[in-house]
Amino acid sequence: MPTVLIIDDNAAVAIALEVLFSLHDIDALRAASPEAGLDMLERHNVDLVLQDMNFTADTTSGEEGTALFRAIRARHPELPVILLTAWTHLDAAVDLVKGGAADYLAKPWDDNRLIATVHNLIELGQTRRALQQRLQTELRQRRELERGYDLRGMVWQDPATERVVHLACQVARADVPVLISGPNGTGKERIAEIIQANSAVRDGPFVVLNCGALPAELIEAELFGADAGAYTGASKAREGKFEAADGGTLFLDEIGNLPLAGQMKLLRVLETGRFERLGSNRERQVKVRVVSATNADLQAMIRAGSFREDLFYRLNVIELRLPPLAGRPADILPLAQHFLGDGKQLHPSAQAALLAHAWPGNVRELKNVMARAGLLAAGDLIKVGDLGLPATAGVVPEDGGREPDRDAIGLALSRAGGVVAQAAAELGLSRQALYRRMERLGIARP
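Treat the numbers as computed from the prediction; the structure is a model and nothing was measured. The residue count restarts for each chain, going from 1 along the sequence in the order it is written. Per-residue local features are limited, in this predicted model, to residues with pLDDT of at least 70; the limit for side-chain atom pairs, both in listing and counting, is 80 or more; totals at the level of whole chains, interfaces and linings are taken over all residues. Side-chain measures were taken over the full set of non-hydrogen atoms in the model, leaving aside hydrogen atoms and water.

1. Points about the nonpolar core
Link 1 in the chain: Among the nonpolar cores identified, the biggest contains 37 residues, and Val4, Leu17, Phe21, Leu50, Leu114, Val118 and Leu434 are the most heavily contacted of them.
Link 2 in the chain: Helix and strand assignments come from DSSP, with helices taken as H or I runs of at least 4 residues and strands as E runs of at least 2, each series counted from the N terminus. Within the residue set of this core, elements represented by two or more residues are β1 (3-7), α1 (11-22), β3 (48-52), β4 (81-85), α5 (111-148), α17 (406-415), α18 (420-427) and α19 (431-441).
Link 3 in the chain: Ranked by the residues each element gives to this core, the list is headed by α5, at 6 residues.
Link 4 in the chain: Definition used in this section: a nonpolar core is a set of buried Ala, Val, Leu, Ile, Met, Phe, Trp, Tyr and Cys residues joined via side-chain atoms within 4.5 Å. Relative accessibility under 20% of the residue-type maximum defines a buried residue, over 50% an exposed one, and the middle range a partly exposed one, all with a 1.4 Å probe and only protein chains included. Within the second largest apolar cluster, 28 residues are counted, among which are Leu267, Leu298, Leu311 and Leu315.

Set out below in structure tokens:
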């Protein structure tokens, strides 16, 4: 049962509130002075405080209530506080709401409004505490990863990315092939670098081959090397990627583009570590950790006969699925700021546009957008026009347009991890505009 602390020197008021709360399954504690109230906060778990603004007879200045509120805020910054006042002029109470009070109610209060406000604030507080616990857990996990592993400077904040990075670190020391799947431009090569950097062969070479960037007839020569005269233009013997990666890691990007003949040879290397250069009968032996990546549906390619099923299962001992950037929205703003560097900042309207964009080109597109914006911006503040993104219907303008309701604001705060500036950007509002709406709707500040 939630608990409310009533701090009021008027016993009749406190008793009336106790009875009202008991009828709505809310436990109530009473304190007759600011000192007693602060003492009870130290000894009891309280979900909300309902405090008077004057405690001395014939005093209407509100200074005592202001001092009490500031003391509560200093000791319990996340605790929602509702102010009770019998004043005709409410300017001071309004100022305290702007300073972080959850709401103010005039005496005599409306029971229905009071109960609705208290329920909303308690529910929001519970949600906020759960969110804070989740964020603290995620932050702790991220710090543990950063302390325990070489993450190659990867920037992320979204739990979906965290799961991929965590699994990559877990499997890094296992001597098994890893397949990284996901759309182009999502950062698959960075995940491969993390695997290499934390593997038993981290001191060995890290060799990259993009199988989609070469003609099919040259991929085998790139992989396995070729003797002089093996094909037209091969005037001298050349070393392949497997030989170059001996004792380290070979990252095969766009593995779905490997022709069937090359797939057969690759399967043999994975099984035995042996291969021959093109045009050579001499067998060579290597020890290479293979990490591959694809944006293709390899299962569909198997059904179509263009990819070997036995190779798929050999490559797919461990699969890491990296979501598209739109599927991990909490990464967008941290990545954007990382690409901008420390000298420039994003205007809330630019943040909103970045969050609303679909990012078909994923992280690669975001990097290019931020590079262009950094060059074209007139100053250090990046505005929405500097991004060059198409107009987005999902961004709510500051003046006019769809007004976000309580649910929309709560959802935006949850997605933003309680960061008001990020939630405001998602809603297309300035931070102060979002604060005003939160105050009007009785939503406590995170």
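Next, the rest of the story.
2. A word on the pairing of strand β5 (residues 103-106)
Successive residues of a regular strand alternate their side chains across the two faces of the sheet.
Link 1 in the chain: Residues Asp103 and Leu105 line the buried face of β5, whereas the alternating positions Tyr104 and Ala106 sit on a face that is not buried.
Link 2 in the chain: One bridge is not enough; two strands pair if DSSP finds at least two bridges between them. Pairing geometry for β4 and β5, over 4 bridges, is parallel. Pairing of Leu83 across the sheet is with Tyr104, part of β5.

3. Observations regarding a nonpolar patch on the surface
Link 1 in the chain: Candidates for patches are residues over 30% relative accessible area with no salt bridge; among them, like charges are joined within 9 Å and nonpolar side chains (Val, Leu, Ile, Met, Phe, Trp, Tyr) within 5 Å. In this description, accessible areas are obtained by the Shrake-Rupley approach with a 1.4 Å probe, and a residue is regarded as covered only by the protein chains that are shown. Each salt bridge in this description consists of a side-chain nitrogen of Lys or Arg and a carboxyl oxygen of Asp or Glu lying within 4 Å of one another. Together, Ile15, Val19 and Leu23 make up a nonpolar patch on the protein surface, roughly 290 Å² of accessible area in all.
Link 2 in the chain: Along the chain, Val19 turns up in helix α1.
Link 3 in the chain: For Val19, a relative accessible area of 44% translates into the label partly exposed.

4. Here we look at the sheet that holds β1
Link 1 in the chain: With parallel pairing, the 5 strands of this open sheet are ordered in space as β2-β1-β3-β4-β5. Edge strands, defined here as strands with exactly one partner in the open sheet, are β2 (27-31) and β5. Pairs of neighbouring strands in the sheet enclose a mean axial angle of 20 degrees, with direction left out of account.
Link 2 in the chain: Running at roughly 170 degrees to β2, α1 makes contact with β1, β2, β3 and β4 of the sheet. The angle between two axes is taken between their N-to-C directions and runs from 0 to 180 degrees, where each axis is a line fitted to C-alpha atoms and a helix contributes only its stretch in contact. By definition in these notes, contact holds between two residues if any of their heavy atoms fall within 4.5 Å.

5. As for helix α10 (residues 260-272)
Link 1 in the chain: Take the residue count of a helix, subtract one, and multiply by 1.5 Å to get its expected span. Between the first and last C-alpha of α10 there are 19 Å, a value that for 13 residues agrees with the 18 Å anticipated at 1.5 Å per step.
Link 2 in the chain: For α10, every residue scored as buried is listed here: Gly262, Gln263, Leu266, Leu267, Val269 and Leu270. When α10 is viewed along its axis, its buried side chains cluster within an angular range of 165 degrees and face the same direction.
Link 3 in the chain: Lining the buried residues of α10 we find α8 (216-224), α9 (241-244), β8 (249-253), β9 (274-276), β11 (289-294) and α12 (309-315). The directions from the helix axis to the C-beta atoms are what the arc is built from.

6. Structural notes on the packing of aromatic side chains
Link 1 in the chain: Each aromatic pair joins two rings of Phe, Tyr and Trp (for Trp, the six-membered one) with centres within 6.5 Å, and gets the label stacked for planes under 30 degrees apart, edge-to-face for over 60, and tilted for any other angle. Enumeration over the complete set of coordinates arrives at 5 aromatic pairs.
Link 2 in the chain: Look at Phe224 and Phe242: their rings are 5.7 Å apart centre to centre, the planes differ by 0 degrees, and that puts the pair in the stacked class. Of this pair, Phe224 sits in helix α8 while Phe242 sits in helix α9, placing them 18 residues apart in sequence. Accessibility assignment for this pair places Phe224 and Phe242 in one class, buried.
Link 3 in the chain: Taken together, the aromatic side chains of Phe224, Phe242 and Phe275 make up a single cluster linked through ring pairs.

7. Details of the pairing of β11
Link 1 in the chain: Summarising burial for β11: 6 of the 6 residues are buried, a large majority.
Link 2 in the chain: Of the strand pairs in this sheet, strand β6 (residues 178-181) and β11 are connected by 4 bridges, and their pairing is parallel. Counted as the bridge partner of Ile180 is Ala293 from β11.
Link 3 in the chain: Here β8 runs beside β11; their pairing, made up of 4 bridges, is parallel. Looking across to β11, one finds that Leu250 is bridged to Val290.

8. As for the packing of helix α13 (residues 332-340) against helix α15 (residues 362-376)
Link 1 in the chain: Here α13 crosses α15 at 45 degrees, and the two axes come no closer than 9 Å. It follows that α13 is oblique to α15 by the angle criterion. As for the relative orientation of α13 and α15, their crossing is right-handed in sense. Counted together, Ile332, Leu335, Ala336, Phe339 and Leu340 of α13 and Val363, Leu366, Lys367, Met370 and Gly374 of α15 form the full contact between these two elements.
Link 2 in the chain: In terms of residue class, the contact of α13 with α15 is made up of 8 nonpolar, 1 polar and 1 charged. Each angle receives one of four descriptions, namely roughly parallel if under 35 degrees, roughly antiparallel if over 145, roughly perpendicular if within 65 to 115, and oblique otherwise. Left-handed describes a crossing whose near helix is turned anticlockwise from the far helix by less than a right angle; the clockwise case is right-handed. Charged residues are taken to be Asp, Glu, Lys and Arg, nonpolar residues to be Ala, Val, Leu, Ile, Met, Phe, Trp, Tyr, Cys and Pro, and polar residues to be all remaining types, Gly included.

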